[in-house]
Amino acid sequence: MNIDINILPAELRPKPLIDTKTAVLIVFILLLGFGCYYFFQAKSDSQAEVTKMQSEIKTTQQQIDALKNDPDVKTLVNSITQLKAAKQSYDAFVASRVLLGNALDGVYSLAQGRVNITSIAQSGSTLLVKGTASTYTNLSGYASALDNDLRFSVAGLPVFNSDKSFSLTVSVELGGGR
Amino acid sequence: MTQITDLIKSNARLSVLLAVIVALVAANLVFYLGSQSSTDEQATVEKQLTNARLNLAIAQNKYDLQKLQTELVSLEGTPTFPASFPNVELSDYITAGATDYRITVVSLTPKGKVGTKSVGGTDYAEYDTSVQISGDYRAVDSFLSYLEDGYLENESFISLSIEKASFTASGGTFTVVILAKS
């Protein structure tokens, strides 16, 4: 059994310095204050880092420009570019040209003993070979021999006429051979 | 309203604390958004810095003087097309070949610059010369091979090709095409 010996009425009794509710609010305020400080500091750190990195980017860009604009480098790059273009042109030219002397040599030498050639006309990489053959077998053998040669591809069937004349279209492989 | 005013007056300390809390929450929000924005900006600038460093490394490799000099030396033997049409040289070249391979040049007609031709992405001037020759087919074959192989001896003719050719057993006609830079 509790006995209250305080004879002062409740209104006159001394109150605590701060009540629990107020204490909780103060703690909450302190936490919020710390939060403000934390976020502000984070922002400041980020901005300092950004400024530092931007400065480094600028320096790097200046270094790249200095490398690019070096007179010796410019001269060398210019010469290399011209030579590369020349090489590219030369390679493309060699790969796309028809070596006619070599082609005619093949067309004539493979005809030996098979057919008699009377004319050859060139149009681009195609040769129209005309002549006479004693039999179609000889002409067919000639066409096969041409087709088996790495320098040529026979286009279509050879034409063989009753007067023993023939015409044959041959594609010459570009650059000298397949 | 009066009741609210009375309530505030009776809890003055509490009211002040609540006002401070509201202000601090607002400040926290502002600083939080600011820090997020800075973090995003930092991430973007970090990427830019990485790219810049990479570009620098590429540039250091690409513009290395020693490497460039080595590359230039390796390309120095590259055949280049003639700067202009080698008219006199071509005449001498054809004449010399005709003599060597027992070919008779029946006619030779320079057509001059007939247009341009793109080779390997570069445009070159095209110069045509019509030639009529007589000779047996073996001589013709050898003569044409000589013309086409001319670049082995003289850089003026590395761009020489033979087009529009027509031959019989006793000779024929063809066009010598030379590509030049101008």
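Analysis parameters
- Residues numbered from 1 in each chain as written.
- Chains lettered and ligands numbered in written order.
- Predicted model: local features only at pLDDT ≥ 70, side-chain atom pairs only at ≥ 80, totals over all residues.
- Helix = DSSP H or I, 4+ residues; strand = E, 2+ residues; numbered from the N terminus.
- Buried ≥ 20, exposed ≤ 12 C-beta atoms within 10 Å, placed from the backbone.
- Contact = placed C-beta atoms within 7 Å.
- Pairing = 2+ DSSP bridges.
- Expected span 1.5 Å × (residues − 1).
- Arc of directions from axis to C-beta.
- Core = buried A, V, L, I, M, F, W, Y, C linked by C-beta atoms within 7 Å.
- Axes fitted to C-alpha atoms, helices over the stretch in contact; angles between N-to-C directions.

## Quick look at the overall build of chain A
And step 1. A count of helices and strands for chain A gives four helices and four strands.
And step 2. Sequence-ordered secondary structure for chain A, helices as α and strands as β, is α-α-α-β-β-α-β-β.
And step 3. Taken across its 178 residues, chain A has 20% of its residues classed as buried.
And step 4. Intrachain contacts of chain A at a sequence separation of at least 6 include 53% that bridge at least 24 residues.

## What to know about the pairing of strand S2 (residues 122-134) of chain B
Residue and element names in this part refer to chain B.
And step 1. Here 13 bridges tie strand S1 (residues 104-119) to S2, and the two strands are oriented antiparallel to one another. Bridge pairing links Thr109 to Ser130 in S2.
And step 2. In this antiparallel pair of consecutive strands, S1 and S2, the connection spans two residues, and Gly120 shows a positive phi of 60 degrees.
And step 3. Here 10 bridges tie S2 to strand S4 (residues 171-180), and the two strands are oriented antiparallel to one another. Bridging across to S4, Val131 finds its partner in Phe174.

## Looking at helix H5 (residues 137-148) of chain B
Because each turn of an α-helix spans 3.6 residues, side chains separated by three or four positions in sequence point in the same direction.
And step 1. For H5 of chain B, which comprises 12 residues, the first-to-last C-alpha distance of 16 Å matches the rise-based estimate of 16 Å (1.5 Å per residue) to within 8%.
And step 2. Taken together, the buried positions of H5 of chain B are Tyr137, Val140, Asp141, Phe143, Leu144, Leu147 and Glu148 of chain B. Mapping the buried residues of H5 of chain B onto a view down its axis gives an arc of 165 degrees, with all of them on the same face.
And step 3. On its buried face, H5 of chain B is in contact with helix H3 (100-111) of chain A together with helix H4 (87-100), S2, strand S3 (160-168) and S4 of chain B.

## A few points about the interface of chain A and chain B
And step 1. Contact with chain A, which involves 58 residues of that partner, is made by 58 residues of chain B.
And step 2. Secondary-structure elements contributing two or more residues to the side of chain A that touches chain B are helix H1 (20-68), helix H2 (71-96), H3 and strand S1 (115-123) of chain A.
And step 3. With 27 residues, the single largest contributor to the side of chain A that touches chain B is H1 of chain A.
And step 4. Looking at chain direction, S1 of chain A and S3 of chain B are connected through three bridges and run antiparallel. Among the inter-strand pairings, Ser119 of chain A is bridged to a residue of S3 of chain B, identified as Thr168 of chain B.

## Looking at the environment of Cys36 of chain A
And step 1. Among the secondary structure elements, Cys36 of chain A is positioned in helix H1.
And step 2. In this structure, Cys36 of chain A is in contact with Leu24, Ala27, Asn28 and Phe31 of chain B, ignoring residues within four places of it in sequence.

## Here we look at the nonpolar core
And step 1. Core analysis: the biggest nonpolar cluster contains 50 residues, and Leu100, Ala103, Leu104, Val107 and Val170 of chain A together with Val140 of chain B have the highest contact counts within it.
And step 2. Those residues in contact with Leu100 of chain A that sit more than four places away from it in its chain are Gln122 of chain A together with Leu144, Glu148, Ile162 and Ala165 of chain B.

## Section: the sheet that holds strand S3 (residues 152-160) of chain A
And step 1. Spatial ordering of the open sheet is given by S3(A)-S4(A)-S2(A)-S1(A)-S3(B)-S4(B)-S2(B)-S1(B), a layout of eight strands whose pairing is antiparallel. If you trace the sheet from one side to the other, it starts and ends with S3 of chain A together with S1 of chain B, each paired once. In this sheet, neighbouring strand axes are inclined to one another by 20 degrees on average, regardless of whether the strands run parallel or antiparallel.
And step 2. Sitting on the sheet, helix H4 (residues 136-148) of chain A touches S1, strand S2 (126-133), S3 and strand S4 (165-172) of chain A, and the angle it makes with S3 of chain A is about 165 degrees.
And step 3. Strands S2, S3 and S4 of chain B of the sheet are contacted by H5 of chain B, whose axis makes an angle of about 170 degrees with S3 of chain B.

## Quick look at H4 of chain A
All names here are of chain A.
And step 1. End to end, H4 covers 18 Å across 13 residues, agreeing with the expected 18 Å (1.5 Å per residue, within 8%).
And step 2. Within H4 the residues assigned to the buried category are Leu139, Tyr142, Ala143 and Leu146. The arc that holds every buried residue of H4, seen down its axis, measures 100 degrees, which confines them to one face. Turned more than 90 degrees away from the buried face of H4 sit Thr137 and Asn148, all of them exposed.
And step 3. Among the structural elements, H3, S1, S2, S3 and S4 are those in contact with the buried residues of H4.

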